[in-house]
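Working through the structure, step by step
Okay, here's what each chain looks like letter by letter:
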Amino acid sequence: MLVAEDLSAVGGISLSAAVPVLTAMDYQVAALPTSLLSTHTSGYGTPAIVDLSAWLPQVFKHWTTAQLDFQQALIGYVGSVALCQLLTDYLTKQSLELLVVDPVLGDLGRLYDGFDAAYVVAMRQLIKPADVILPNVTEACLLTGTPYQSQPELAPLLQQLQQQLKSGAQAIITDVTQDDQIGCAWLANDQVQFSGQQRLPGHYNGTGDTLAAVLAGLLGRGYSLERSIRLANQWLNQAVAATLAQHRASERQGIALSGILREILALDQG
Ligand code: ADP
Ligand code: MG
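Residues numbered from 1 in each chain as written. Chains lettered and ligands numbered in written order. Predicted model: local features only at pLDDT ≥ 70, side-chain atom pairs only at ≥ 80, totals over all residues. Heavy atoms only, no water.

1. Points about the UniProt feature "domain: Pyridoxamine kinase/Phosphomethylpyrimidine kinase" (unreviewed entry) in the chain
Selection rule: UniProt positions are given in the numbering used here, feature names are shortened, and annotations may be inferred rather than shown by experiment. Where helices and strands are cited, they refer to DSSP runs of H or I of at least four residues and of E of at least two residues respectively, numbered from the N terminus.
Per the UniProt record, "domain: Pyridoxamine kinase/Phosphomethylpyrimidine kinase" (unreviewed entry) is annotated on residues 66-245. The straight-line gap between the two end C-alpha atoms of residues 66-245 is 47 Å; of that span, 42% is helix and 22% is strand.

So, in structure tokens, the structure goes:
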């Protein structure tokens, strides 16, 4: 499986979280950083960043020459319009069984720093070849041009997302609140489905990245969409609970992953 997203040396999110999760699921992982950061961007001040946009075309060129073919791919934080286009081109040429795109654009109704309308347009291209996309509510609104609401009407939003995807592909909105629960919403037979777990106190870094890795891994292993989403929400909830139980002095380090790894290994044995 090709996993392309930022590599933040400190903070335990994105690529650092996806690699152990997918390795525990027995994937051979090609870990492709889309940019290098000294830390992730939440809680450590301004990170030292290396822009890899000159290196990535060389990577794809080499991989093409070496005839490396990936069966699955998971795309997270990309970072620039040029890189979105480069990835779109490369991925469309691969014959992938599964392409999962987490269209990282923003949160809480706002684009992340450094992103603009042109970036949203580039992301709309990158989701086109996807089998599964995992926008949060903010990203779902941005992709569809819907004014942001924290608790939007889900059916029209999901329908508009589906229209941007190829037939058979599935949009899953990831940070949906229903009563005291947080979870995922998607469409099945035109009906909105929801699977969630109790929302625990606090805000955590890397939950979305880990959820994306777990879902990509389970779907690639042939678990049904519904089973994959249920397991992913369950495991994320346990990981957040385990993180809370550590009584950390700071919230900036990503969630505790070892419980998820144990669940994955138990699943494979059972
Ligand atoms: P991100 O903002 O990193 O993209 P999300 O907020 O979408 O992440 O969370 C992804 C998943 O992580 C949720 O669907 C849920 O399963 C879990 N999660 C996130 N925050 C909490 C929380 N406070 N309590 C329980 N589970 C959570
Ligand atoms: Mg997210």
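2. A closer look at the packing of helix H1 (residues 14-24) against helix H7 (residues 207-220)
Note the threshold: What counts as an axis is a line fitted to C-alpha atoms, over the stretch in contact for a helix, and the angles between N-to-C directions run from 0 to 180 degrees. Any angle between 65 and 115 degrees counts as roughly perpendicular, while under 35 counts as roughly parallel, over 145 as roughly antiparallel, and the rest as oblique. If you view the pair so one helix is near and one far, a crossing is left-handed when the near helix is turned anticlockwise from the far one by less than a right angle, and right-handed when it is turned clockwise. Contacts were defined at the residue level, with two residues in contact if any of their heavy atoms lie within 4.5 Å. Gly is placed with the polar residues, together with every amino acid not listed as nonpolar (Ala, Val, Leu, Ile, Met, Phe, Trp, Tyr, Cys and Pro) or charged (Asp, Glu, Lys and Arg).
The contact between H1 and H7 brings their axes to 9 Å, and the two run at 30°. As far as their axial angle goes, H7 and H1 are roughly parallel. The element H1 and its partner H7 pack so that their crossing is right-handed. Contact residues: Ser14, Ala17, Ala18, Val21 and Leu22 in H1; Asp209, Thr210, Ala213, Val214 and Gly217 in H7. Broken down by class, the residue content of the contact of H1 with H7 amounts to 6 nonpolar, 3 polar and 1 charged.

3. A look at the sheet that holds strand E3 (residues 49-51)
What counts here: At least two bridges found by DSSP between two strands is the condition for calling them paired.
One open sheet holds the 9 strands; their spatial order is E3-E2-E1-E4-E5-E8-E9-E10-E11, and the pairing between them is mixed. Both outer strands of the open sheet, E3 and strand E11 (191-198), are each paired with one neighbouring strand and no more.

4. Re the environment of Leu98
This is how the line gets drawn: Burial classes follow relative accessibility: with a 1.4 Å probe on protein chains only, a residue under 20% of its type's maximum area counts as buried, one over 50% as exposed, and anything between as partly exposed.
With respect to the element layout, Leu98 can be found in strand E5 (residues 98-101). For Leu98, a relative accessible area of 9% corresponds to the buried category. Apart from residues lying up to four places away in sequence, Leu98 is in contact with Gln71, Gln72, Ala73, Asp131, Ala216, Leu219 and Gly220.

5. With respect to the nonpolar core
The line we're drawing: We define a nonpolar core as any set of buried Ala, Val, Leu, Ile, Met, Phe, Trp, Tyr and Cys residues linked to one another through side-chain atoms lying within 4.5 Å.
Leu2, Ile75, Leu126 and Ile173 are the most contacted members of the largest nonpolar core, which totals 46 residues. The residues contacting Ile75, other than those within four sequence positions of it, are Ala4, Leu87, Leu91, Leu99, Val100, Val101, Asp102 and Leu126. With 39 residues, the next largest nonpolar core counts Val21, Ile172, Cys184 and Trp186 among its residues.

6. Topic: the pairing of strand E1 (residues 2-10)
Selection rule: By convention, orient the strands away from the viewer: a clockwise path from the first strand over the helix to the second makes the crossover right-handed.
Bridging between E1 and strand E2 (residues 30-39) involves 7 bridges; their strand directions are parallel. Within E2, the residue paired with Val3 across the bridge is Ala31. Between the parallel pair E1 and E2, the chain is carried across by H1, and the sense of this crossover is right-handed. Bridge count between E1 and strand E4 (residues 72-75): 3 bridges; the pairing is parallel. Bridge pairing links Leu2 to Ala73 in E4.

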